[in-house]
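Residue-level listing of the chains:
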Amino acid sequence: MGLLKQRTGVRQLYWSMLLLAAGSFFLLLYALMWEAGNIINLPHKRIGFYNFCLWNQTAGELQCLEFKDLMDMGVDQFELVLARLCVYTVQVLCSFSPFLIIQAQYANTREAWEVTFVVLGLSAALLAGGLGLFLSQAWVCIQLSELSGGFMALAGAQALLLLQLFAAAMYLTWFKEVLETGRPSPEEQQV
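Residues numbered from 1 in each chain as written. Predicted model: local features only at pLDDT ≥ 70, side-chain atom pairs only at ≥ 80, totals over all residues. Heavy atoms only, no water.

Novice: What exactly am I supposed to notice about the overall build of the protein chain here?
Specialist: Scanning the protein chain for helices and strands turns up 6 helices and 4 strands. When the helices and strands of the protein chain are placed in sequence order, the string is α-β-β-β-β-α-α-α-α-α. The 191 residues of the protein chain split such that 43% are buried. Long-range contacts, defined here as pairs at least 24 residues apart, represent 70% of the contacts in the protein chain between residues at least 6 apart. Surface exposure of the protein chain reaches about 10,300 Å², of which carbon and sulfur atoms provide 66%. (Helix = DSSP H or I, 4+ residues; strand = E, 2+ residues; numbered from the N terminus. Buried < 20%, exposed > 50% of the residue type's maximum accessible area, 1.4 Å probe, protein only. Contact = heavy atoms within 4.5 Å. Areas by Shrake-Rupley, 256 points an atom, 1.4 Å probe, with all protein chains shown as cover.)

Here's what the structure looks like:
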């Protein structure tokens, strides 16, 4: 009975990781492509990784600011570019994570799960760092109530990445237990 529970748990963890990977990829796709990286998308304000547009009272329209205007407001150009690079790199890494998970599952080695763990950890760190860096630079123009679905999708992707990271850590714990006790791994017990 215990073996059956362990087999079922391993399968559920594997399929959960794949679903989480798909979820994080599609949330990033929505936030960065569909919403064009905008974390605020209102008729009077559009702020994102590529847009920094504020309402101009005299012209009566949305005016997009350039880097020199942003520098006058105290926003650092280098940090905005670095934030953009970090966040968009995560989308590329997340497109490979399902393949890494499948490869690690079928290779059934600690090294394969370590690579998966590192990529997931790097993705989570880059997304948190990039979003935090962007928010710290743009905070002068942002109010919490204005954050749009793009921001929520990025926050959701971050949560899913952390859950994947936790699941990969569980696999690594099982492999450590196998090496210390000499018991077969959960995947070998499935056969």
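Here the narrative resumes.
Novice: What's the story with the nonpolar core in this structure? I'm lost.
Specialist: Soluble globular proteins tend to bury their nonpolar side chains together. Counting residues in hydrophobic clusters, the biggest one holds 52 residues, and the most contacted among them are Ile39, Phe49 and Leu154. Those elements that place two or more of their residues in this core are α1 (2-34), β1 (38-42), α3 (77-107), α4 (110-138) and α5 (149-181). For leucine 154, the contacting residues outside a window of four places in its chain are Leu28, Ala31, Leu32, Ile39, Phe49, Val87, Leu127 and Leu131. (Core = buried A, V, L, I, M, F, W, Y, C linked by side-chain atoms within 4.5 Å.)

Novice: Can you walk me through the pairing of strand β3 (residues 52-56) in this structure?
Specialist: Looking along a regular strand, one sees side chains alternate from face to face of the sheet. Relative to β3, strand β2 (residues 45-48) runs antiparallel, the two being bridged by 3 bridges. Each bridged residue has a counterpart across the sheet, and for arginine 46 the counterpart in β3 is cysteine 53. Taking the residues between adjacent antiparallel strands as the criterion, β2 and β3 are bridged by 3 residues. Sheet topology places β3 next to strand β4 (residues 61-64); 4 bridges connect them, and they run antiparallel. In the strand pairing of β4, cysteine 53 is matched with cysteine 64. Connecting β3 to the next strand, β4, in antiparallel fashion are 4 residues, including glycine 60 with a positive phi near 70°. (Pairing = 2+ DSSP bridges.)

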